[in-house]
Amino acid sequence: MKIRIKGLEFEYRSVKALKGVTLEIEESKLTAIVGPNGSGKSTLLKCINRILKPRKGIVYVDGKSIEDLSHSEIAKMIGYVPQSVQQTFPATVFDVVLMGRRPHISWIYGKRDFERVVKVLKLLNIEDIAMRDFNELSGGQKQKVLIARALAQEPEILLLDEPTANLDLRHQLEVMKLVKDLTRNGLTAIVAVHDLNLASRFADKIVMMKDGNIFAVGEAEEVLTPNNIESVYGIKVKIIYVDGYLYVIPI
C-alpha cells in the first residue's frame, strides 16, 4: 500500500514536532526514517497510524484519508511496534502475540488465528519462549514479541519505531533482514532508526529529518553524505564502502 503525507503539523503543547511534512512512501519497500532525537521521527509514525491527530495535514493510505477509516480498519492495514518495551502484560508470549488477531475476530479466536500466531513465532525464531511470561523477558526478547504481535495482524503496512534499540548486533541484523524480506513479499515498511549503517544496508529509501522537517530523501548515496550528516547531526564523518554497502564512520 502506498502512503501519501501532505502538510502534517503536530505540536506537543507549544513545541512544534512536525512542521508541514509532505512525503510519499513507496509500497512494498523499506523506508528508513533517520535523524537526531527530537527531529520528529516517532511523531511522524504515530500520525501515520492515527495514534496522534495532527493539527494540520492529511495522511492518505491507498488513496483514502486515514481520518475516514475506523480504528478497526486501520488495525487491519497497519501494524505498529512502539519504541518503548516498558509495556507489561500479565500473559504468556503466545497470548501477547495472539492479541494481534483482535482486528480480525468478533468474539472468540479460531483455528486460523492460532495458526497465524504459530507461524509468526517460528518466523521470528521465538517459539521456544511461547509459554513464558512476557514480563519475565529481556528487553530484546520483549521487542521481538511486540514485532510478532504486529505481524499477527497480517498488516499491509508495518511501522517500527527503533525496533533494534534493545537488540544485540546479531539480532539487529536478523530483525532488519526479516523486515526487508517481508517487503519483498508485498509489505510496506517504515522504520525509524538511529543507526545510519543499518538504514544504509537495508532501506530502499532513506528519509532524513531535522527539527520537524524533511531534510533529505533518497537512496543511501544521496542522503548519507558528509555534508548532510554534519548539517543534521553536527559531526564530521567519513563514508566508506564495504562489499558494496555504504558505511558512515564518525571522525
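Please refer to the structure placed before this passage.
Residues numbered from 1 in each chain as written. Predicted model: local features only at pLDDT ≥ 70, side-chain atom pairs only at ≥ 80, totals over all residues. Heavy atoms only, no water.

1. Brief notes about the overall build of the protein chain
Step number 1: Each helix and strand counted, the protein chain has nine helices and 12 strands in total.
Step number 2: Since a compact globule built from 251 residues should have a radius of gyration of about 18 Å, the 18 Å found for the protein chain is in line with a globular shape.
Step number 3: By principal-axis analysis of the C-alpha atoms, the protein chain measures approximately 55 × 40 × 35 Å.
Step number 4: Out of the 251 residues belonging to the protein chain, those deemed buried represent 50%.
Step number 5: Of the contacts made within the protein chain by residues no fewer than 6 positions apart, 65% connect residues no fewer than 24 positions apart.
Step number 6: Working note: accessible area of the protein chain is about 12300 Å², and carbon and sulfur atoms make up 50% of it.
Step number 7: The average position of the 35 basic charges and that of the 31 acidic charges among the side chains of the protein chain differ by 3 Å. (Helix = DSSP H or I, 4+ residues; strand = E, 2+ residues; numbered from the N terminus. Rg over C-alpha atoms; globule rule 2.2 N^0.38 Å. Buried < 20%, exposed > 50% of the residue type's maximum accessible area, 1.4 Å probe, protein only. Contact = heavy atoms within 4.5 Å. Areas by Shrake-Rupley, 256 points an atom, 1.4 Å probe, with all protein chains shown as cover. Lys, Arg positive; Asp, Glu negative; His and termini not counted. Charge placed at Lys NZ, Arg CZ, Asp CG, Glu CD.)

2. Description of the packing of aromatic side chains
Step number 1: Across all of its chains, the model carries three aromatic pairs by this definition.
Step number 2: Ring centres 4.8 Å apart and planes at 75° place the aromatic pair Phe10 and Tyr12 in the edge-to-face group.
Step number 3: Relative accessible area serves as the criterion here: at 37%, Tyr12 is assigned to the partly exposed category.
Step number 4: With a centroid separation of 6.2 Å and 20° between ring planes, the pair formed by Phe94 and Phe114 is classed as stacked. (Phe/Tyr/Trp six-rings, centres within 6.5 Å; stacked < 30°, edge-to-face > 60°.)

3. Notes on the nonpolar core
Step number 1: Within the largest apolar cluster, 55 residues are counted, with the highest numbers of intra-cluster contacts made by Val145, Ile206 and Leu224.
Step number 2: In this structure Leu224 touches Leu196, Ser200, Ile206, Met208, Ile229, Ile239, Leu246 and Val248, once residues within four positions along its chain are discounted.
Step number 3: With 30 residues, the next largest nonpolar core counts Met1, Leu23, Ile78 and Val207 among its residues. (Core = buried A, V, L, I, M, F, W, Y, C linked by side-chain atoms within 4.5 Å.)

4. As for the packing of helix 5 (residues 139–152) against helix 6 (residues 169–184)
Step number 1: Orientation of helix 5 relative to helix 6, taken along the N-to-C sense of each, is 10°, at an axis distance of 12 Å. Considering the angle they form, helix 5 stands roughly parallel to helix 6. Note on element contacts: helix 6 touches helix 5 through His171, Glu174, Val175, Leu178 and Leu182, opposite Lys144, Ile147 and Leu151.
Step number 2: Grouping the amino acids of the contact of helix 5 with helix 6 by side-chain chemistry returns five nonpolar, one polar and two charged. (Axes fitted to C-alpha atoms, helices over the stretch in contact; angles between N-to-C directions. Parallel < 35°, antiparallel > 145°, perpendicular 65-115°, else oblique. Nonpolar A, V, L, I, M, F, W, Y, C, P; charged D, E, K, R; others polar.)

5. Observations concerning the pattern of salt bridges
Step number 1: Evaluation of the coordinates by the stated rule reveals 14 salt bridges.
Step number 2: The salt bridge partner of Asp181 is Lys177, with a shortest N-O separation of 3.0 Å. With a gap of four residues between them, Asp181 and Lys177 both fall in helix 6, about one helical turn apart.
Step number 3: For Lys177, a relative accessible area of 47% corresponds to the partly exposed category.
Step number 4: A salt bridge links Lys236 to Glu230, with the shortest nitrogen-to-oxygen separation between them at 3.2 Å.
Step number 5: Shared partners join several salt bridges into a network, and the residues in it are Arg101, Arg112, Asp113 and Glu154. (Salt bridge = Lys/Arg side-chain N within 4 Å of Asp/Glu carboxyl O.)

6. Here's the deal with the environment of Glu230
Step number 1: Within the secondary structure layout, Glu230 lies in helix 9 (residues 226–233).
Step number 2: Along the backbone, Glu230 and Leu182 are 48 residues apart, and their C-alpha atoms lie at a distance of 33 Å.
Step number 3: If we skip the residues at most four places from it in the chain, Glu230 touches Ile235 and Lys236.
Step number 4: Within the structure, the side chain of Glu230 is placed 3.2 Å from the side chain of Lys236, a separation counted as a polar contact. (Polar contact = N/O pair within 3.5 Å; in protein donor to acceptor, adjacent residues only side chain to side chain.)

7. Digging into the side chain of Lys205
Step number 1: Mapped onto the elements, Lys205 comes out in strand 9 (residues 205–210).
Step number 2: Buried and without a salt bridge, Lys205 has Glu26 as its closest oppositely charged side chain, separated by 4.2 Å.
Step number 3: A distance of 2.7 Å separates a polar side-chain atom of Lys205 from the backbone oxygen of Glu24.
Step number 4: With residues near it in sequence (within four places) discarded, Lys205 still touches Glu24, Ile25, Glu26, Leu30, Thr31, Ala32, Val217 and Gly218.

8. Considerations on the sheet that holds strand 4 (residues 56–61)
Sheets are built from strands that pair by backbone hydrogen bonding, the pairs being arranged parallel or antiparallel.
Step number 1: Reading across from one edge, 2-1-4-5 is the order of the four strands in this open sheet, with antiparallel pairing throughout. The open sheet terminates on both sides in strands that have one partner only, identified here as strand 2 (15–25) and strand 5 (64–65).
Step number 2: With eight bridges connecting them, strand 1 (residues 3–12) and strand 2 associate as antiparallel partners. What sits directly across from Glu11, in strand 2, is Lys16. (Pairing = 2+ DSSP bridges.)

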